[in-house]
Amino acid sequence: MIVELGHYALVLALALSIAGAALPLCGALVGDRRLMAIASPVSIALFAFVAASFAALTHAYLVSDFSVRNVVENSHSMKPLIFKISGVWGNHEGSMLLWVLILALFGALVAAFGNNLPMRLKALVLAVQSMIGTAFLLFILTTSNPFLRLVPAPVEGNDLNPVLQDIGLAIHPPLLYLGYVGCSISFAFAIAALIDGRIDAAWARWVRPWTLTAWIFLTLGIAMGSYWAYYELGWGGWWFWDPVENASFMPWLAATALLHSAVVMEKRDALKVWTILLAILTFSLSLLGTFLVRSGVLTSVHAFATDPTRGIFILIILCLFIGGSFSLFALRAGTLAQGGLFAPISREGSLVLNNLLLTAACATVLVGTLYPLALEALTGEKISVGAPFFDMTFGPLMVPLLIAVPFGPFLAWKRGDLLAACQRLFAAFAAVLLTIGVGLVFAGPSKALTFFGIALAVWLLVGSLSEFAFRIKLFRAPLGESFRRARGLPRAAFGMTLAHGGLGLTVLGIIASTTWNTETITTMKPGESVTIGSRIVTLDGFLPVSGGTYSGTAARFTVREGGTTVATLAPEKRLYQVQNMPTTESAIHSFGLSQLYISLGDVKADGTTVVRIYFKVMILLIWLGAIVMALGGALSLSDRRLRVGAPKPARAGAAVAAE
Amino acid sequence: MEPMLQWILMAAMTAVASLAVLVPLGRRPADAEGSARSIYRDQLNELELERERGLIGEREAEAARIELSRRLLRPDATRSTAEGGGRRAVIAGFIVAAILLPAIALGTYLSLGSPATPDQPLASRSTVSADADIATLIGKVEQHLRDDPGAGAGWELLGPVYLKLGRFDDAVRAYGNAIRILGSTADREALLGEALTSQAGGLVTSDAKAAFDRALRLDSKNDRAAFYEAVAVGQTGDKDAAIAAWKTLIAGAPADAPWLPVAQAELRRVENPAPGPNAADMAAAAGQSAGEQQAMIEGMVSGLAARLDGAPEDVDGWARLFRAYMVLGKPDEATAALARARTALAGKPDLLAQVEKAAADNGVGAPKP
Amino acid sequence: MTRKQRRLTLIGLAGIVLASAVGLILFALSDGIAFFATPSEIAANPPAPDRRLRLGGLVETGSVVKDGPKISFAVTDGKAAVPVRYTGMLPDLFREGQGVVAEGKVDAAGNFQADTILAKHDETYMPKEVVEALKKSGEWRPEAEATGPEPKSVTR
C-alpha cells in the first residue's frame, strides 16, 4: 500500500505542477490576483507530495520490498542500513526523484519565505519552477518510474554497484543536486523578469540569496565529489576533468560569475541584461550536466543507465528550456532598460573582468567536454580530451583572475583608484616577493613555476586579509577601535574575505600537492618496508575481511617515524559477490594537512602484492579551502540584509492566510 | 481491508491537492505584498548605518542616497495590477482543480500503477509469515502452554502450524509433547515423523523411520506413514525396492489423495533416473549425521540451481529443482527459481510451458491471496 | 572618459579575453588531446613518437607479464597486436581476453608506453571505444559481452 501511495503521490505531483504552471501564469498575464495567489500553496503542496513519494520509495528500500523493481535492481537485504538509504538515489530513477524533490523544495522555500516579493513576480517565478517540475515529473513517470512493481517478487536484490557503496555517495549527490537544482530559482527569476519585461536593482536583491544558497551547495558538492573520487577510485587523483565532473564544474563557474554580477546589479543597477543572461546560462549548464550524466552519451561511473529513450527525452527538455529561454531573452532583452555607468577602473569594472574571465574559462571547459562528442557525431573520429587540454586552456585563464581578485574589493564603486589599491595591498606584494625569493634561494630557478603558483596562493590569502585589515583599520587605529569596527562590519564582508581566502587555500593545496606529491609503486611481502620521506612503512601481513555483501583481504601497514609507530593503515581488496566485482579500498592517514595514501594490488599466493604509496603534501587544503569558501557564502547568506523573507513576522502562506 | 484503505487515502490525497488550488481561489487575495520600494527603503537604512559607522565617506553616501531616492520615486512598476479576469478566471481555476487535476492524476495512475499489488517487505516474506492472525494465535497458544505445559491439545494444535511455517525444531518438540501427554496415535506418530524428516531437510532419518514404523503398527493404513516409508526405501538407494514400495503405495491410494502426483513423480524418477546423486552418494548420506545430510542435500540443490542457470534448457532439471525446494520447505526459493526460469527461457515458449507445468505440479508459485 | 570611450574599453577588454580563450582552445585542441586508435591502425600507420593516443582493444590472452609493478601486455583487435608497457597498478577489472583502453605514446621501439590503463567498470560493461574498435576489425562477438554470471533476479 505504501509503495502505491507513493506512486500516486508522484502522479498527483505531476497534476499539481501542471496546475501550478498554468494558473499563476495566466493570472500574471491577465492580471488576476486570485490566480496568482494559487502559486504559493500549490508549490508547497507539490513539495509535500514529492516528499511523500520519496519517503515511500525510501521505505521500500528500508524494508527490502523486492516487489518494487527499482529496489530489486539496486538493493540487497544484507546491505548496511546507510547504503540502503543512499541506494535510493544511487540509481537513475531514484536520483531523478531526488532531483525533482529538491526542485520542489526550492519552489516551496520561495513560496514560504518570499513574502517580500511582489505578487506578480512571485507568481511568475513559481510558475516557471512548476514548468520545470512538470517536465521532469513527466520524464520520471514515462521513462524512469521508480515505482514499477515486480510480481512475483524475487527473493533477493541485485545489490548496488560496489563503487557506489560508500559514505561519499550518501552525501555527494544530494549536496550536488541542491546546488544544481538550486540554480533553477535564479533561472525562474530571470524568465519571470523577461516575461514581465521589467527588471531593476531590487530584482538582484531578491535573486542573490537563492543564487548564493545554490552556490554554497554546489561548492560543497563538488568538493565532496572530488574527495570521494580521491579515496574511492584508488588512483590518488582528486580531479580528472571527467565530463561528469565538468558537468558540475561549469554551473559552478557560471554561478560564481552570476553571484558577482548580481552584486553590481543590486548596488549600481548596471549589467542587468548580462545578469539575466548569466542566470539562464547557469541553469542551462545544470540541465546540460543532467543530460550528459543521465542520457548515457558518456560512459562513466556516474552513468547508471544507457537508455536511448531517456536520453532523447532529456534532450527534448534541454532544447525546450534552453531554446525557449534564449528565444525569450533575444525577444525581450532589448526592451530592458539600461542603467548605471562606471569607469573601467572601478569595483564594477573589476567585477566585469571577473565575469569575463569566469565565463571564458567556463566556455573552455564546455568546449573540452562537448568537442569529443561533436567530433564523433560529425566525423566519427574519436578523441579524448583530458587534463592536458584543460591545463592549457583553463589554467592560463585562471591566472589573471586570481591575480585580479585581491584588487576588486579595494576599488570604489563607479570610479576606483588603482594606485591606492596597490598601496593598500603592500603587505600582499611583500609576501609574494618573499615567497618567490625563498623559492629561488632554496629550490633554485628550475622550480620557478611552482613558486609562482605558491606566490599566487599567498597573494590571494594575504590580499583578502589585507582588505579585511584595511576595513577595520588594523594597526592604523587602536586595537579597541579595530575590534569595534570588526563587529560593525556586515557579515557579507566577512563572507567575502572568507570566500576569497578559501580560494587561496584551495590554490595552495593544488599547487603543493601536485608539486611535492611522492608516488612509490613497488612489490612488497609481509615484513618488508618502504621509506617514504622520514617515515618507514612496513607491511605487517594480510587479514581476511568481510561485511554485508562482500569479502576480501586487508593488508596491515604500520608507519613508523623515528622508531615510534605513528599510524596503521589497512587498505583492502574486496570482492562483491552479488555482482562479482572486485574493488580496491585505499587507506588514508592524515599527517597535519598532508596525507599518506596506500592502495593495494592483487595479493599473490606467495604473499607478495603490488603496493602504491603516495604522500600528498597539504592536499587537505584543497577541500578545506572549498569548505572555507562555502562558509563564507553561508556567513554572507546569514547577513540580515540578504536574508530571505520579509522583516515583518509574517509566515508561510501569508498571502493566503491574511484575510 | 487494506485495498479499501488505500483507495480512501488516495481520495484524501486528491482532495488535499485540489484544495491547494481551491482554497486560495475562494479567498480575496491579500493586499500585503512585497515590492521593490521596500528593498530600496532597506538600502537607504543600511546606507545610513554604514555612514554612521564610518564605513562609507560622506560624499559617496550622499551620492548613493540621491540615487536610491531616485529609484524610490520611480513609479513602482513591480506592483501588480488590480483584480483582473474576475469570475472567468475563478471558474477556470475551479475546473482545473476540481475536474482536471483528479482526472489527470487518476488517469495517469491507473495506466501506470499496480493498485492491487500489496507491499511485500522482506521481513514478511521469509520463512515466517507476516500474517498477523497466525502470529497472534501462535503467541496466545505459546503463552497458554508456558502457563500450563501439560495441555497436550495446545501442542497438537501448534505442531502443524510450526511445520507450515518451517519451524521444524519447534514442530518436533510440539509433536513429541503431544504424544507424551495425549498418548501415541498413528496420526501423531506420522506427523512427528514428517516433522523429523523436514527437520533433516527431507531425509527420512532413523528417528523418523522409527516414528513411521510405530504409526504403521498402530494403523497399517496410515497414508502419511506409508508415503514416507516409500521415501525412506527410495533413499536407501535400493532401486528395485523403491519401485516396488512406490507401486504398492500408489496402488493402495485413493484416487483423490493429494500426495498421489508426488508419489507418481517419484516413481517415474526412480524408474528413469536423471543424472544426479547416485546410490553410493545416498548410501554415504545415510551414514552421515543429520547436519551433514542437510548440508549435502543443500549443496546438491544449489549445484543444480547453478547448473540450470548456466543451461536453462533442462526441463527435467527445473522440475527436480522445484521439487527439491518444496521438499526442503523453501517455497520462496522455488518461486524465485521459477522466475529465473521464466527469464532464461523467455525466448523458448515451448520449453517454458513444460517448466511452468512442472512448477504447477509441484505447487510452486501458487498465487498469493 | 566619455560614455562611448567607456563602452569601447569594456568591449575591448571582452574582446581580449575572448580572443585569448579562443586562441588557447585552438592551441590546446591541436596539442592537448588524444586520438583513439586501434591496434591495426597503429600497426599500419605508426604514429609520431610524441603523439598522445588512446589505444583500445582486448588484452591478448597469455601476453601479460608482470615484473613487480612493471607490466607488459599486448592489446589486440584480432588483426594486429601492439605491445604495451605500463608501470603501476592495474585496474580491478583488468583481465586477459577482456577489453581495455590504454592512454600514452608509442616509443621509438614500437612499444606503447601507457600512463593510464582503463578497464571495464563492471562485469557486463565494455568500453564503448573497444566495442567499436572490435566491430571495425570484425572481431566483435556480441555474446562475448555477457560472460559474467547471470543476474541473480528475474529482471534486467
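Residues numbered from 1 in each chain as written. Chains lettered and ligands numbered in written order. Predicted model: local features only at pLDDT ≥ 70, side-chain atom pairs only at ≥ 80, totals over all residues.

Asker: Mind laying out the overall build of chain C, listing which residues take part and the relevant values?
Answerer: Counting its secondary structure elements, chain C contains three helices and seven strands. The order of α-helices and β-strands along chain C, N terminus first, is α-β-α-β-β-β-β-β-β-α. Taken across its 156 residues, chain C has 37% of its residues classed as buried. Taking all contacts inside chain C whose residues are at least 6 apart in sequence as the whole, residues at least 24 apart take part in 54%. (Helix = DSSP H or I, 4+ residues; strand = E, 2+ residues; numbered from the N terminus. Buried ≥ 20, exposed ≤ 12 C-beta atoms within 10 Å, placed from the backbone. Contact = placed C-beta atoms within 7 Å.)

Asker: How would you summarise the overall build of chain A if you had to cite specific residues and measurements?
Answerer: A tally of regular secondary structure across chain A gives 21 helices and eleven strands. When its C-alpha atoms are laid out on the principal axes, chain A stretches across 80 × 75 × 55 Å. For chain A, long-range pairs separated by at least 24 residues make up 74% of all intrachain contacts whose partners lie at least 6 apart in sequence.

Asker: Kindly report on the domain arrangement of chain A, identifying the contributing residues and their values.
Answerer: Assigned domains of chain A: these are domain 1 (1–165), domain 2 (166–399), domain 3 (425–515) and domain 4 (518–616). Taking the mean C-alpha position of each, domain 2 of chain A and domain 4 of chain A sit 39 Å from one another. (Domains from an automatic or database assignment.)

Asker: I'd like to hear about the interface of chain A and chain B, residue by residue, with values.
Answerer: Listed per partner, the contact involves 64 residues of chain A and 66 residues of chain B. Of all elements in the fold, only α1 (2–30), α2 (33–37), α3 (39–62), α7 (119–143), α9 (201–232) and α21 (654–657) of chain A reach the threshold of two or more residues within the side of chain A that touches chain B. With 17 residues, the top contributor of residues to the side of chain A that touches chain B is α1 of chain A. Looking at the side of chain A that touches chain B residue by residue, the classes come out as 42 nonpolar, ten polar and twelve charged. (Nonpolar A, V, L, I, M, F, W, Y, C, P; charged D, E, K, R; others polar.)

Asker: Just give me the short version of the environment of Gln113 of chain C, but keep the residues and values in it.
Answerer: Residues and elements named next belong to chain C. Tracing the sequence through the fold places Gln113 in strand β7 (residues 112–118). Residue classification places Gln113 among the partly exposed positions, given that 15 C-beta atoms sit within 10 Å. Taking the C-alpha atoms as reference, Gln113 lies 16 Å from Glu41; in sequence the two are 72 residues apart.

Asker: Please give an account of the sheet that holds strand β11 (residues 609–616) of chain A that cites residues and values.
Answerer: All names here are of chain A. Read across the open sheet, the four strands follow the order β2-β11-β10-β9; overall the sheet is antiparallel. If you trace the sheet from one side to the other, it starts and ends with β2 (518–524) and β9 (587–591), each paired once. Geometrically, the sheet is characterised by an average inter-axis angle of 15° between neighbouring strands, direction not taken into account. Of the strand pairs in this sheet, strand β10 (residues 594–603) and β11 are connected by seven bridges, and their pairing is antiparallel. Bridging from a neighbouring strand, Ser599 pairs with Arg612 of β11. (Pairing = 2+ DSSP bridges. Axes fitted to C-alpha atoms, helices over the stretch in contact; angles between N-to-C directions.)

Asker: Quick rundown of helix α8 (residues 167–196) of chain A? Include the residues and the values.
Answerer: Residues and elements named next belong to chain A. Spanning 30 residues, α8 covers 45 Å between terminal C-alpha atoms, matching the ideal 44 Å at 1.5 Å per step. Burial of α8 is extensive: 23 of the 30 residues sit out of reach of the surface. Directly after α8, the chain includes Gly197, whose backbone phi takes a positive value near 80°. (Expected span 1.5 Å × (residues − 1).)

Asker: Break down the packing of helix α8 (residues 168–182) of chain B against helix α9 (residues 186–199) of chain B for me, citing the residues and quoting the values.
Answerer: All names here are of chain B. Contact geometry for α8 and α9: axes closest at 9 Å, N-to-C directions at 160°. By the criterion of interaxial angle, the relationship of α8 to α9 is roughly antiparallel. α9 is crossed by α8, and the crossing has left-handed handedness. Between α8 and α9, the residues in contact are Phe168, Asp169, Ala171, Val172, Tyr175, Gly176, Ala178 and Ile179 and Arg188, Glu189, Leu191, Leu192, Ala195, Leu196, Ser198 and Gln199, respectively. Counted by class, the contact of α8 with α9 contains ten nonpolar, three polar and three charged residues. (Parallel < 35°, antiparallel > 145°, perpendicular 65-115°, else oblique. Left-handed = near helix turned anticlockwise from the far one by under 90°.)

Asker: Help me get a handle on the confidence of the model for chain C, residues and values and all.
Answerer: Residues and elements named next belong to chain C. Per-residue pLDDT for chain C has a mean of 73; in total, 74% of the residues score no lower than 70. Here residues 121–126 scores under 50 on pLDDT; set against residues more than four positions off or in separate chains, the count is 16 contacts. Predicted confidence for residues 141–156 stays below pLDDT 50, and this span has 27 contacts to residues more than four positions away or in other chains. (pLDDT = per-residue confidence, 0-100.)

Asker: I'd like a rundown of the nonpolar core, residues and numbers included.
Answerer: Of all hydrophobic cores here, the largest spans 267 residues; its most connected members are Leu12, Leu16, Ala19, Val100 and Phe189 of chain A. Contacts of Leu16 of chain A, omitting those with residues within four sequence positions, involve Val42, Ala45, Leu46 and Phe49 of chain A together with Ala17, Ala20 and Leu101 of chain B. (Core = buried A, V, L, I, M, F, W, Y, C linked by C-beta atoms within 7 Å.)

Asker: Run through the packing of α3 of chain A against α7 of chain A, naming residues and quoting values.
Answerer: Any two packed helices are characterised by the angle at which their axes cross and by the distance between the axes. All names here are of chain A. Between α3 and α7, the shortest axis-to-axis distance is 9 Å and the interhelical angle comes to 30°. Handedness of the α3/α7 crossing: left-handed. Listed contacts from α7 to Ala39, Ser40, Ser43 and Leu46 of α3 are Lys122, Ala123, Leu126, Ala127, Gln129, Ser130 and Gly133. Across the contact of α3 with α7, the residue classes break down as five nonpolar, five polar and one charged.

Asker: Can you break down the pairing of strand β2 (residues 53–59) of chain C residue by residue, with the values?
Answerer: Residues and elements named next belong to chain C. Where burial is concerned, most of β2 is hidden: seven out of the seven residues are buried. As paired strands, strand β1 (residues 33–37) and β2 are joined by three bridges and run parallel to one another. Directly across from Ala37, in β2, lies its bridge partner Leu55. The sheet contact formed by β2 and strand β6 (residues 99–106) spans six bridges and is antiparallel.

Asker: Hey, could you go over the confidence of the model for chain A for me, with residue numbers and the actual values?
Answerer: Reading fine detail from the predicted coordinates is not recommended where pLDDT is low. All names here are of chain A. For chain A, per-residue confidence averages 85 on the pLDDT scale, and 93% of positions sit at 70 or higher. When mean pLDDT is compared element by element in chain A, α3 scores highest at 95, while α21 scores lowest at 33. Long-range and interchain partners of residues 300–305, a stretch whose pLDDT sits below 50, account for 15 contacts in this model, where long-range means more than four residues apart. Here residues 644–659 is a poorly scored stretch, pLDDT under 50, and it has 32 contacts once near neighbours within four places are set aside; other chains count.

Asker: So what's going on with the environment of Leu218 of chain A? Residues and values would help.
Answerer: Residues and elements named next belong to chain A. Looking at the secondary structure, you find Leu218 in helix α9. According to the C-beta neighbour criterion, Leu218 is buried, with 31 such atoms within 10 Å. Separated by 42 residues in sequence, Leu218 and Leu176 have C-alpha atoms that sit 5.3 Å apart. Once you skip the residues sitting within four places of it in the chain, Leu218 turns out to touch Gly179, Tyr180, Pro251, Trp252 and Ala255.

Asker: Tell me what's going on with the pairing of strand β3 (residues 529–532) of chain A, and back it up with residues and numbers.
Answerer: On a regular strand, each side chain points to the face opposite its neighbour's, so the side chains alternate between the two faces of the sheet. Residue and element names in this part refer to chain A. Sheet topology note: the β3/strand β4 (residues 535–547) ladder contains four bridges and is antiparallel. Among the inter-strand pairings, Ser529 is bridged to a residue of β4, identified as Thr538. Turn length for the β3-β4 hairpin, with the two strands adjacent in sequence and antiparallel, is two residues, and the turn residue Gly533 shows positive phi of about 60°.

Asker: Describe the environment of Tyr109 of chain B, with residues and values.
Answerer: Residue position: Tyr109 of chain B is located in helix α4 (residues 87–112). A tally of 24 C-beta atoms within 10 Å means that Tyr109 of chain B is categorised as buried.

Asker: Give a description of unusual backbone geometry that names residues and reports values.
Answerer: Residues and elements named next belong to chain A. Although it is not a glycine, Ser64 adopts a positive phi angle of roughly 50°. Residue position: Ser64 is located in the loop between α3 and α4 (69–74). Residue Ser64 is classed as buried on the basis of its 24 C-beta neighbours within 10 Å.

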